[in-house]
Structures are given as structure tokens and as C-alpha cells.
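# Understanding the architecture of this molecule
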Amino acid sequence: QVQLVESGGGLVQAGGSLRLSCAASGRTFSSYGMGWFRQAPGKEREFVAAITWNGGRTYYANSVKGRFTISRDNAKNTVYLQMNSLKPEDTAVYYCAAGLNVAAVSSAYTYWGQGTQVTVSS
């Protein structure tokens, strides 16, 4: 069992930055691939970024490539999402997720956090 708690969301102006954190409980965190997804009002949840269990490989949605960076610290049981050059279209609830494999689909992930709101004003 893995419990995930996101933090770091908030209100930021376009062009600004935020860093999201996702703290995981459990001693098996380092066994899991981690992903970030987001869901805007009236839209389906979409993939943002993912990282393998050891941080060796990362994956990004085209819409955030070059602006967002996913990383993890297995000693701290935490995964991060650094978001730079934010745009109003990045406004959404951001969720972290854990799964034995990483993929760009939500069905690949077993555990989910409760989400953190990110709002980018124009």
C-alpha cells in the first residue's frame, strides 16, 4: 500500500514557476514508477510526466516538454514536478500516481493522491 500526498499548488501569474511535491508513505516507494497527471474543469485527466523507479528515464507530454521537469528523491520518498514558464492552459488539479510501470495512461497506475490545485492567471 502506498499513500500519496501532493503539495505546492497555488495561484501564479503566467510566466511564473511552481514546484509540486508528492510525498509517499511506505517502504516500497523506490519500487514504483511515478507519474503526474492533471485535470482541468470539464476535461479528462491527462498525462503530464512520468519517471522510472530509479529516476533513470523521464517522459513528458508534448504540451509541457521543455517547461516541466519531473524528479524524485527515493531517500525522501518524494517526487517533484518543477513547472516553469507556466501558461493559463496549465490550470488544473494536478495528481501524482504510483505504479509498477510508467506509462502515459492513468490505468497503468495503482495509487493516486488527492490532487493539488494549480491556477495560472493571464
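It should be noted that the structure appears before, not after, this text.
Residues numbered from 1 in each chain as written. Predicted model: local features only at pLDDT ≥ 70, side-chain atom pairs only at ≥ 80, totals over all residues. Heavy atoms only, no water.

On a plain count of helices and strands, the protein comes out with 0 helices and 11 strands. Counting helices and strands in the order they occur from the N terminus, the protein gives β-β-β-β-β-β-β-β-β-β-β. For 122 residues, the compact-globule estimate of 2.2 N^0.38 gives 14 Å, and the protein sits close to it at 13 Å. Projected onto the principal axes, the alpha-carbon positions of the protein cover approximately 40 × 25 × 25 Å. A buried classification covers 43% of the 122 residues belonging to the protein. Of the contacts made within the protein by residues no fewer than 6 positions apart, 57% connect residues no fewer than 24 positions apart. A total accessible area of about 6,200 Å² is found for the protein, and carbon and sulfur atoms account for 47% of it. The averaged location of the 6 negative side-chain charges in the protein is 7 Å from the averaged location of its 11 positive side-chain charges. (Helix = DSSP H or I, 4+ residues; strand = E, 2+ residues; numbered from the N terminus. Rg over C-alpha atoms; globule rule 2.2 N^0.38 Å. Buried < 20%, exposed > 50% of the residue type's maximum accessible area, 1.4 Å probe, protein only. Contact = heavy atoms within 4.5 Å. Areas by Shrake-Rupley, 256 points an atom, 1.4 Å probe, with all protein chains shown as cover. Lys, Arg positive; Asp, Glu negative; His and termini not counted. Charge placed at Lys NZ, Arg CZ, Asp CG, Glu CD.)

Moving on to the nonpolar core. Membership of the largest hydrophobic core comes to 35 residues, with the highest contact counts inside it found for Leu4, Met34, Trp36, Leu81, Met83 and Tyr94. Elements supplying a minimum of two residues to this core: strand S3 (18–24), strand S4 (33–39), strand S5 (46–51), strand S7 (68–73), strand S8 (78–83), strand S9 (92–99) and strand S11 (116–121). When near neighbours in sequence (up to four residues on either side) are disregarded, tyrosine 94 contacts Glu6, Leu20, Trp36, Phe37, Arg38, Val48, Phe68, Leu81, Met83, Gly115, Thr116 and Val118. (Core = buried A, V, L, I, M, F, W, Y, C linked by side-chain atoms within 4.5 Å.)

What follows is about the layout of surface pockets. Empty space left among the atoms is revealed by rolling a probe the size of a water molecule over them. When its volume is computed, the largest pocket comes out at roughly 150 Å³. Of the residues that constitute the lining of the largest pocket, the class distribution is 2 nonpolar, 3 polar and 8 charged. (1 Å grid on protein atoms, 1.4 Å probe; cavity = no way out; pocket = protein on both sides within 12 Å on 5 of 7 lines; lining within 4 Å. Points joined across faces, edges and corners; volume = space filled by probe spheres on them. Nonpolar A, V, L, I, M, F, W, Y, C, P; charged D, E, K, R; others polar.)

For the rest of this paragraph, the subject is the pattern of salt bridges. A side chain with one charge may pair with a side chain of the opposite charge, provided their charged atoms come close. All told, the structure shown has 3 salt bridges when counted by the stated rule. Residues glutamate 46 and arginine 38 are paired through a salt bridge, measuring 2.6 Å at the closest nitrogen-oxygen approach. Residue classification places glutamate 46 among the partly exposed residues on the basis of a relative accessible area of 37%. Salt-bridge contacts for arginine 67 lead to aspartate 90; the nearest nitrogen and oxygen are separated by 2.7 Å. In this pair, arginine 67 sits in the loop between strand S6 (58–60) and S7 while aspartate 90 sits in the loop between S8 and S9, placing the two residues 23 residues apart along the sequence. Its relative accessible area of 11% is what places arginine 67 among the buried residues. Where salt bridges share partners, they join Arg38, Glu46, Arg67 and Asp90 into one cluster. (Salt bridge = Lys/Arg side-chain N within 4 Å of Asp/Glu carboxyl O.)

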